[in-house]
Amino acid sequence: MPVEHRVAARGRLRARVVGVVAGRVSVPGMGQEGEGGASGRGRCVGWPALDERRGPLQASLGTLGQRLQPGMADSAQAQKLVYLVTGGCGFLGEHVVRMLLQREPRLGELRVFDRHLGPWLEELKTGPVRVTAIQGDVTEAHEVAAAVAGAHVVIHTAGLVDVFGRASPETIHEVNVQGTRNVIEACVQTGTRFLVYTSSMEVVGPNTKGHPFYRGNEDTLYEAVHRHPYPCSKALAERLVLEANGREVHGGLPLVTCALRPTGIYGEGHQIMRDFYRQGLRLGGWLFRAIPASVEHGRVYVGNVAWMHVLAARELERRAALMGGQVYFCYDGSPYKSYEDFNMEFLGPCGLQLVGARPLLPYWLLVFLAALNALLQWLLRPLVLYAPLLNPYTLAVANTTFTVSTDKAQRHFGYEPLFSWEDSRTRTILWVQAAGSFAQ
Ligand SMILES: NC(=O)C1=CN([C@@H]2O[C@H](COP(=O)(O)OP(=O)(O)OC[C@H]3O[C@@H](n4cnc5c(N)ncnc54)[C@H](O)[C@@H]3O)[C@@H](O)[C@H]2O)C=CC1
Ligand SMILES: C[C@@H](CO)CCC[C@@H](C)[C@H]1CC[C@H]2[C@@H]3[C@H](O)CC4=CC(=O)CC[C@]4(C)[C@H]3CC[C@]12C
């Protein structure tokens, strides 16, 4: 049984801590030095502008090696590091946690902070690394500050991922924007210097005009205009993180931040994939094409997203001047396909078939159905939560080409996908099969 106790660090704290443990290790190769680079700036229609008082991004920090904190020396003998992963029990967060345990040799303590702690944390009980599970809420500044205190690196992946209208826009803003602000302020107050933020491709697009983004990179010009609360919140939060780069933290050294922008993540734990599978099973093994095969939607395997987080976090120290204040799309070798055709890479081997070489319904009818769903959601809200997958926003995202092709992360911090497409596919298929066989 885990020992549960109250955290005493830094004042009032309601976060609950569960101590557990895990292990082990390998080291990746490094790539070439790269250039600086731009970060996309989104515009959120109908949302408040960010406080601009801190001015433009501060990307140039000097060589970090000259200003090492205790415990940050780059050698096998170095003091072990304390990592904090917010949202560490989510779909991506769990993979980040497991990846850190497997592939961060300097890991001394891993703090997993989440509103809902997963029972799988129990498995991490054996091994050389101390794992501390902290039940807490990123919107509670004091809980975040207590969790951050004493951490060397924070990977902030907690977020409210809702494009279906389950949560209110205010709640999405509170968790994604204020939660991120709390993480940044906690780093500043407690002297934590390295912050990796999980942003999203949605910060860039697809935009409200449905413009295609075809094999774009971090410097591709694109009109990033959002209306939906989720991409708005991610864009605002990303901006906060990037603008915080270079701020002086407690102890006088500069904060180093970067943001990673995954495209649509898939892999073990992907609930929407599991939902499509179950829906197909209910329909006798059939799914019906709604989106033209020619509309490409960028996807990335969760293990590679986790790996990119681990590498970025590790390299922020050595490459602060290059990486600080930068954004990186998360990409891998997953093929460019439509959302539905891509899902069939996994659902096909699980016995489902996608009916139709072309969409079975005309687009105008889908638009009508999506609008009807939105209306029903609004009408029924006082009585029941009606949140189907299809709404005007999800239709627009699924029906707009958005694909990424970039090597910026490779050039800046040596990222190469850890999992090949074949591995990613096989792992996902096995998970879908297992997940689908549980309760219908
Ligand atoms: N799923 C996707 O395709 C993509 C996700 N992202 C980003 O990746 C991050 C992780 O997303 P997923 O793993 O897909 O979502 P998820 O919902 O599985 O995980 C989010 C985690 O954050 C936790 N959380 C939510 N609100 C919290 C709060 N107030 N305090 C503490 N913890 C809280 C949740 O309990 C959950 O464990 C998010 O920031 C999301 O915006 C970015 C691009 C694509
Ligand atoms: C029209 C339907 C016919 O089958 C298909 C509807 C699919 C949608 C539910 C998904 C299509 C694209 C997805 C989003 C995309 O992958 C980008 C995302 C990034 C994030 O940061 C969060 C998740 C998401 C918005 C993702 C959500 C589900 C889709 C809209």
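No experiment lies behind these values; they were computed from the predicted model shown.

Peer 1: Provide a residue-level description of the overall build of the protein chain, including the pertinent values.
Peer 2: Check the secondary structure of the protein chain and you find 12 helices and 17 strands. Within the protein chain, the proportion of its 440 residues that are buried is 56%. By element, 56% of the accessible surface of the protein chain is carried by carbon and sulfur atoms, the whole surface being about 18500 Å².

Peer 1: Which residues make up the nonpolar core, and what are the values?
Peer 2: Where a protein is soluble and globular, its nonpolar side chains tend to be buried together. Core analysis: the biggest nonpolar cluster contains 73 residues, and Y83, L100, L110, L260, L347 and F413 have the highest contact counts within it. The element that contributes the greatest number of residues to this core is helix 6 (residues 302-318), accounting for 10 residues. Counting residues in each nonpolar core, the second largest holds 31 residues, with V82, V144, A158 and V241 among its members.

Peer 1: Describe the pattern of salt bridges, and please don't skip the residues or the numbers.
Peer 2: For the structure on display, the rule yields 20 salt bridges. In this structure, R314 engages E104 in a salt bridge whose closest nitrogen and oxygen atoms are separated by 3.5 Å. Of the two residues, R314 sits in helix 6 while E104 sits in the loop between helix 1 (91-103) and strand 5 (107-114), which places them 210 residues apart along the sequence. Each member of the pair R314 and E104 is classed as buried. Via salt bridges that share partners, E94, R98 and E123 belong to a single interconnected network.

Peer 1: Explain the site of ligand 2 to me, and be specific about the residues and the numbers.
Peer 2: Taken together, 18 residues lie around ligand 2, and S200, Y230, G264, H297 and E340 are the ones closest in. Within the side chain of Y230, an N or O atom sits 2.6 Å from an oxygen atom of ligand 2. Measuring from an oxygen atom of ligand 2, one finds a side-chain N or O atom of H297 at 2.8 Å. Here ligand 2 has 630 Å² of accessible area as a free molecule, and 89% of this is covered by the chains. Going through the elements one at a time, helix 5 (271-282), helix 8 (339-347) and helix 10 (392-398) are the ones with two or more residues in the shell around ligand 2. No other element matches the 3 residues that helix 10 contributes to the shell around ligand 2. Looking at side-chain class alone, the shell around ligand 2 contains 12 nonpolar, 4 polar and 2 charged residues.

Peer 1: I'd like a rundown of the packing of helix 5 against helix 8, residues and numbers included.
Peer 2: Helix 8 packs onto helix 5 with a crossing angle of 75 degrees between their chain directions and a minimal axis gap of 11 Å. The angle between the axes of helix 5 and helix 8 places the two elements in the roughly perpendicular class. Between helix 5 and helix 8, the contacting residues are I272, M273, F276 and Y277 on the first element and Y339, N343, F346 and L347 on the second. Per-class residue counts for the contact of helix 5 with helix 8 are 7 nonpolar, 1 polar and no charged.

Peer 1: Could you give me a rundown of the site of ligand 1, with the residues and numbers involved?
Peer 2: What surrounds ligand 1 is a group of 25 residues, the closest being L92, D114, D137, Y230 and K234. With respect to ligand 1, the backbone of F91 contributes an N or O atom lying 2.9 Å from an oxygen atom. Taking R115, its main chain carries an N or O atom lying 3.3 Å from a nitrogen atom of ligand 1. Expressed as a share of its isolated accessible area of 820 Å², the protein-covered part of ligand 1 is 85%. Contributions of two or more residues to the shell around ligand 1 are made by helix 1, helix 4 (229-244) and strand 12 (264-266). Taken together, the residues of the shell around ligand 1 sort by class into 10 nonpolar, 11 polar and 4 charged.

Peer 1: Residue-level account of the pairing of strand 11 (residues 256-262), with values.
Peer 2: Counting buried residues in strand 11 gives 7 out of 7 residues, a clear majority hidden from the surface. Both faces of strand 11 are covered, namely the face carrying V256, C258, L260 and P262 and the face carrying T257, A259 and R261. Alignment of strand 8 (residues 194-198) against strand 11, held across 5 bridges, turns out to be parallel. Counterpart to L195 in the pairing with strand 11 is T257. Pairing between strand 11 and strand 15 (residues 326-330): 5 bridges, direction parallel. Each residue of the ladder has a partner; that of C258, found in strand 15, is Q326.

Peer 1: I'd like to hear about helix 5, residue by residue, with values.
Peer 2: Under the 1.5 Å per step criterion, the end-to-end length of helix 5 is 16 Å for 12 residues, consistent within 8% with the ideal 16 Å. Along helix 5, the residues that are buried comprise M273, F276, Y277, R278 and G280.

Peer 1: Quick rundown of the side chain of N343? Include the residues and the values.
Peer 2: One can find N343 in helix 8. Residue classification places N343 among the buried positions, given a relative accessible area of 3%. Not counting chain neighbours up to four residues away, the residues in contact with N343 comprise M273, F276 and R299.

Peer 1: For the environment of F288, give the residues involved together with the corresponding values.
Peer 2: Within the secondary structure layout, F288 lies in strand 13 (residues 286-288). Here the alpha-carbon distance between F288 and E104, two residues 184 residues apart in the chain, equals 43 Å. If we skip the residues at most four places from it in the chain, F288 touches L283, E340, L354, V355 and L360.

Peer 1: Outline unusual backbone geometry, listing residues and values.
Peer 2: Across the junction of G205 and P206, the peptide omega takes the value 5 degrees, indicating a cis bond. Unlike most non-glycine residues, R215 shows phi in positive territory, near 50 degrees. In this fold, R215 is placed in strand 9 (residues 213-216).

Peer 1: Give a description of a nonpolar patch on the surface that names residues and reports values.
Peer 2: Among the surface-exposed residues, W364, F368, L372, L375, L376, W378 and L379 lie close enough to one another that they form a single nonpolar patch of about 780 Å² accessible area. Looking at where L375 falls in the secondary structure, it is placed in helix 9 (residues 363-380). Since its relative accessible area comes to 44%, L375 is described here as partly exposed.

Peer 1: A description of the UniProt feature "transmembrane region" (unreviewed entry) in the protein chain should follow, citing residues and the corresponding values.
Peer 2: Here, UniProt's "transmembrane region" (unreviewed entry) annotation points to residues 360-380. As a span, residues 360-380 carries 86% helix and 0% strand, and end to end its C-alpha atoms are 28 Å apart.

Cut-off values and rules
Within any chain, residue numbers begin from 1 and follow the written order of that chain's sequence. Lettering for chains starts from A, numbering for ligands starts from 1, and both go in the order in which the items are written. With pLDDT at 70 or above as the cut-off, local features in this predicted model cover only qualifying residues; side-chain atom pairs require 80 or more to be listed or tallied, and sums for whole chains, interfaces and linings still use all residues. No hydrogens and no water enter the side-chain calculation; it runs on all heavy atoms of the structure. Comment: elements are numbered from the N terminus, with helices defined as DSSP H or I runs of at least four residues and strands as E runs of at least two. Classification of residues uses two cut-offs on accessible area relative to the type maximum, computed with a 1.4 Å probe and protein chains only: under 20% is buried, over 50% is exposed, and between them is partly exposed. For the area figures, the Shrake-Rupley method with a 1.4 Å probe applies, and any residue is considered shielded solely by the protein chains shown. As used here, the term nonpolar core means buried Ala, Val, Leu, Ile, Met, Phe, Trp, Tyr and Cys residues forming a set that is joined through side-chain atoms within 4.5 Å. A pair is scored as a salt bridge if a Lys or Arg side-chain nitrogen falls within 4 Å of a carboxyl oxygen belonging to Asp or Glu. Note on definitions. A residue lies near a molecule or strand when any single heavy atom of the residue is within 4 Å of it. We call two N or O atoms a polar contact when they sit within 3.5 Å, provided that within protein one can donate a hydrogen and the other can accept it, with sequence-adjacent residues counted only if both atoms are side-chain atoms. Amino acids are sorted into nonpolar (Ala, Val, Leu, Ile, Met, Phe, Trp, Tyr, Cys and Pro), charged (Asp, Glu, Lys and Arg) and polar (every other residue, Gly among them). To define axes, lines are fitted to C-alpha atoms, for helices over the stretch in contact only, and angles between the resulting N-to-C directions are given on a 0 to 180 degree scale. Note that the term roughly parallel is reserved for angles under 35 degrees, roughly antiparallel for angles over 145, roughly perpendicular for angles of 65 to 115, and oblique for everything else. Contacts are residue-level and defined by heavy atoms, with any inter-residue pair within 4.5 Å sufficient. Strand pairing is defined by DSSP finding a minimum of two bridges between the two strands. To estimate the expected span of a helix, count its residues, drop one, and scale the result by 1.5 Å. Like-charged residues within 9 Å of one another, or nonpolar side chains (Val, Leu, Ile, Met, Phe, Trp, Tyr) within 5 Å, are grouped into patches, provided each residue has over 30% relative accessible area and no salt bridge. UniProt positions are given in the numbering used here, feature names are shortened, and annotations may be inferred rather than shown by experiment.

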